[in-house]
Amino acid sequence: YWAHRMDHQVNLLWLGQSVHHQSEDYNCSVALRQGAFQKVMNVFFMVPLAVVGFETEWFLYVGAFTTLYQFWIHTETIDRLPKWFEFVFNTPSHHRVHHGRNPKYIDKNHGGTLIIFDRMFGTFQQEEERPTYGVTTPTATFDPVQAHFKPFRQLYRDIQSVSGIKNKLLMLIQPPG
């Protein structure tokens, strides 16, 4: 939850996550659209777990389980599930909200498997209308290399637009946009 939430709230980490959110369509193929830099950006969250003793194979088990679980929630075919399930687990309805660029849907429903953390930390949003998918500034290309590097170029331009080293460094940790 926290790694994914920070991926959306820190410019530098968003570079790894943004490719997954660029698609303006929403189907199971979006689950496979992973950023090449995402694992590198999330190392900040994994190293402390390794230091406190989590076994290497558990990173693989949990990563594989999460990937498999999240595949099926990237769909518009499944509407709502039983209330008890939707209260605890991430569902297609919850994840459609997460991929929406509608203002009330941005930075909501970060849970990968469990939605309960979003409920606990105030980032839960019920699906109220069909989301408009994609990022707030459309990528406007189907070229995967361009899709990966466009966010880097934009962040570089943003950093160049502010004066002072402090402001430039702050731009790396501020939210996207």
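For clarity, every value in this text was computed on a predicted model and none was experimentally measured. Numbers given for residues are sequential positions, taken from 1 along each chain in its written order. For a predicted model such as this one, the threshold for reporting local features is a pLDDT of at least 70, and the threshold for listing and counting side-chain atom pairs is 80 or more; totals across whole chains, interfaces and linings nevertheless cover every residue. To get the side-chain values, all heavy atoms of the structure are used, and hydrogens and water are removed first.

Novice: Could you give an account of a nonpolar patch on the surface, with specific residues and numbers?
Specialist: Any residue with relative accessible area above 30% and no salt bridge may belong to a patch, with like charges joined within 9 Å and the nonpolar Val, Leu, Ile, Met, Phe, Trp and Tyr side chains within 5 Å. We get accessible surface area from the Shrake-Rupley algorithm with a probe of 1.4 Å; when it comes to residues, only the shown protein chains can shield them. By convention in these notes, a salt bridge is any Lys or Arg side-chain nitrogen within 4 Å of a carboxyl oxygen on Asp or Glu. A surface patch of nonpolar side chains, amounting to about 1200 Å² of accessible area, comprises Val 43, Phe 44, Met 46, Val 47, Leu 49, Val 51, Val 52, Phe 54, Trp 58, Leu 60, Tyr 61 and Val 62. Under the DSSP-based scheme used, a helix requires at least four consecutive residues in state H or I and a strand at least two consecutive residues in state E, with every element numbered from the N terminus. Those elements that place two or more of their residues in the nonpolar patch are helix H5 (43-51) and helix H6 (56-72). Structurally, the position occupied by Val 43 is in helix H5. For every residue, the accessible area obtained with a 1.4 Å probe (protein chains only) is divided by the maximum for its type, and the residue is called buried under 20%, exposed over 50%, and partly exposed between those limits. Residue class for Val 43 comes out partly exposed when judged on its relative accessible area of 38%.

Novice: Account for the pattern of salt bridges, naming residues and giving values.
Specialist: Summed over all chains, the structure comprises five salt bridges. The closest approach of N and O atoms between Arg 80 and Glu 127, which form a salt bridge, is 4.0 Å. Taken together, the residues Arg 80 in the loop between H6 and helix H7 (83-88) and Glu 127 in the loop between helix H9 (116-121) and helix H10 (144-160) connect sequence positions 47 residues apart. On the basis of relative accessible area, Arg 80 is assigned to the partly exposed category, the value being 39%. By relative accessible area, which is 11% here, Glu 127 ends up buried.

Novice: Mind laying out the environment of Gln 125, listing which residues take part and the relevant values?
Specialist: Following the sequence through the fold, Gln 125 ends up in the loop between H9 and H10. Residue Gln 125 is classed as buried on the basis of its relative accessible area, which comes to 15%. Distance in space between the C-alpha atoms of Gln 125 and His 98 is 8.5 Å, their sequence separation being 27 residues. Here, two residues are considered to be in contact whenever any of their heavy atoms come within 4.5 Å of each other. Sequence-distant contacts of Gln 125, that is, excluding residues within four places in its chain, are made with Val 97, Lys 104, Tyr 105, Lys 108 and Asn 109. N or O atoms closer than or at 3.5 Å make up a polar contact, with two conditions inside protein: a donor-capable atom paired with an acceptor-capable one, and, for residues adjacent in sequence, both atoms drawn from side chains. For Gln 125, the side chain forms a polar contact with the side chain of Glu 128, separated by 3.3 Å.

Novice: Before we move on, can you summarise the nonpolar core with the specific residues and values?
Specialist: Of all hydrophobic cores here, the largest spans seven residues; its members are Val 10, Leu 13, Leu 15, Met 41, Leu 155, Ile 159 and Met 171. Those elements that place two or more of their residues in this core are helix H2 (11-21) and H10. Not counting residues up to four positions away in its chain, the partners in contact with Leu 155 are Asn 11, Leu 15, Met 171 and Leu 172. What makes a nonpolar core is a set of buried Ala, Val, Leu, Ile, Met, Phe, Trp, Tyr and Cys residues whose side-chain atoms join them at distances within 4.5 Å.

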